[in-house]
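Remarks on the overall topology
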Amino acid sequence: MISRTVYQKTVVKVIVGIAVFVAFTGIVVGGVFIKTPLSFILSPTAGIGLILLLFSITSYLFFKVFKHRMPWTILYIFVSIDAVIGIVSRLPVIGEFVTRPILSKSVAPWVLIPLLILVLLGSGLGTYYWLKKHDK
């Protein structure tokens, strides 16, 4: 989708960006509110191993394939933070402290979803302005 919109007019880019934002937000909101029996459980060691494997693949793609280009830098930062949180949450002593809920389950989605939308808008607009500033 990104490769198709690189050389298109700005209006098409905005429409595609909005569509991707709506789809991503729908997936996140659906994941919070819709319960499904589909799940799998890994041991903490296997979970850390899987996170490290996926983070290694992501790092390879970022450094070798995408070569530190800006839109991918923001995504890589989020993936790095998620990897650290995923590993820390699986450590014996620290994991319990990190995963203990602060908000109740009924309140958490109503606080976290607007915050997520603000973060997505902020990172998206930040990327947009950075690209406009450095556009050659």
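Keep in mind it's a predicted model, so treat the numbers as computed, not measured.

The next point concerns the overall build of the protein. Helix and strand content of the protein: six helices and zero strands. Reading the helices (α) and strands (β) of the protein from amino to carboxyl end gives α-α-α-α-α-α. A buried classification covers 15% of the 136 residues belonging to the protein. Summed over all atoms, the accessible surface of the protein reaches about 11000 Å², with 75% contributed by carbon and sulfur.

Let us now look at a nonpolar patch on the surface. Together, Ile77, Phe78, Ile81, Ile85, Leu91, Val93, Ile94, Phe97, Val98 and Val119 make up an exposed nonpolar region whose accessible area comes to about 900 Å². For the nonpolar patch, the secondary structure elements donating two or more residues are helix 4 (70-89) and helix 5 (92-99). Looking at where Val93 falls in the secondary structure, it is placed in helix 5. Overall, Val93 belongs to the exposed group, its relative accessible area being 70%.

Take the environment of Ile117 next. Here Ile117 shows up in helix 6 (residues 108-133). Considered as a pair, Ile117 and Phe21 are 96 residues apart in the sequence and their alpha carbons are 9.1 Å apart. Sequence-distant contacts of Ile117, defined by excluding residues within four places in its chain, comprise Phe21 and Thr25.

Turning next to the packing of aromatic side chains. Evaluation of the coordinates by the stated rule reveals two aromatic pairs. When the ring of Phe62 is compared with that of Phe63, the centres are 4.9 Å apart and the planes differ by 75°; the resulting orientation is edge-to-face. A relative accessible area of 37% places Phe63 in the partly exposed class. With 5.5 Å between their ring centres and 70° between their planes, Tyr128 and Tyr129 make a pair best called edge-to-face.

For the rest of this paragraph, the subject is helix 6. With 26 residues, helix 6 should cover 38 Å at 1.5 Å per step; its first-to-last C-alpha distance of 37 Å lies within 8% of that length. Among the residues of helix 6, those classed as buried are Ala108, Pro109, Ile113, Ser123 and Thr127.

All right, on to the side chain of Ser123 then. Looking at where Ser123 falls in the secondary structure, it is placed in helix 6. Excluding anything up to four places from it in sequence, Ser123 contacts Ile74 and Phe78.

Moving on, we come to the environment of Val79. If you trace the backbone, Val79 turns up in helix 4. With 25 residues separating them along the chain, Val79 and Leu54 place their C-alpha atoms 9.7 Å apart. Setting aside residues no more than four positions away along its own chain, Val79 makes contact with Phe55 and Thr58.

Within the secondary structure, Thr25 sits in helix 2 (residues 10-33). A polar atom in the side chain of Thr25 sits 2.8 Å from the backbone oxygen of Phe21. Setting aside its immediate chain neighbours within four residues, Thr25 contacts Ile117 and Leu120.

Before going further, it helps to spend a moment on the confidence of the model for the protein. Looking at the protein as a whole, the pLDDT averages 79, with 86% of positions reaching at least 70. Mean pLDDT in the protein bottoms out at helix 1 (residues 2-5), which sits at 56, and peaks at helix 3 (residues 44-65), which reaches 89.

Cut-offs and rules
Residues numbered from 1 in each chain as written. Predicted model: local features only at pLDDT ≥ 70, side-chain atom pairs only at ≥ 80, totals over all residues. Heavy atoms only, no water. Helix = DSSP H or I, 4+ residues; strand = E, 2+ residues; numbered from the N terminus. Buried < 20%, exposed > 50% of the residue type's maximum accessible area, 1.4 Å probe, protein only. Areas by Shrake-Rupley, 256 points an atom, 1.4 Å probe, with all protein chains shown as cover. Patch = residues over 30% accessible without salt bridge, like charges linked within 9 Å, V, L, I, M, F, W, Y side chains within 5 Å. Salt bridge = Lys/Arg side-chain N within 4 Å of Asp/Glu carboxyl O. Contact = heavy atoms within 4.5 Å. Phe/Tyr/Trp six-rings, centres within 6.5 Å; stacked < 30°, edge-to-face > 60°. Expected span 1.5 Å × (residues − 1). Polar contact = N/O pair within 3.5 Å; in protein donor to acceptor, adjacent residues only side chain to side chain. pLDDT = per-residue confidence, 0-100.

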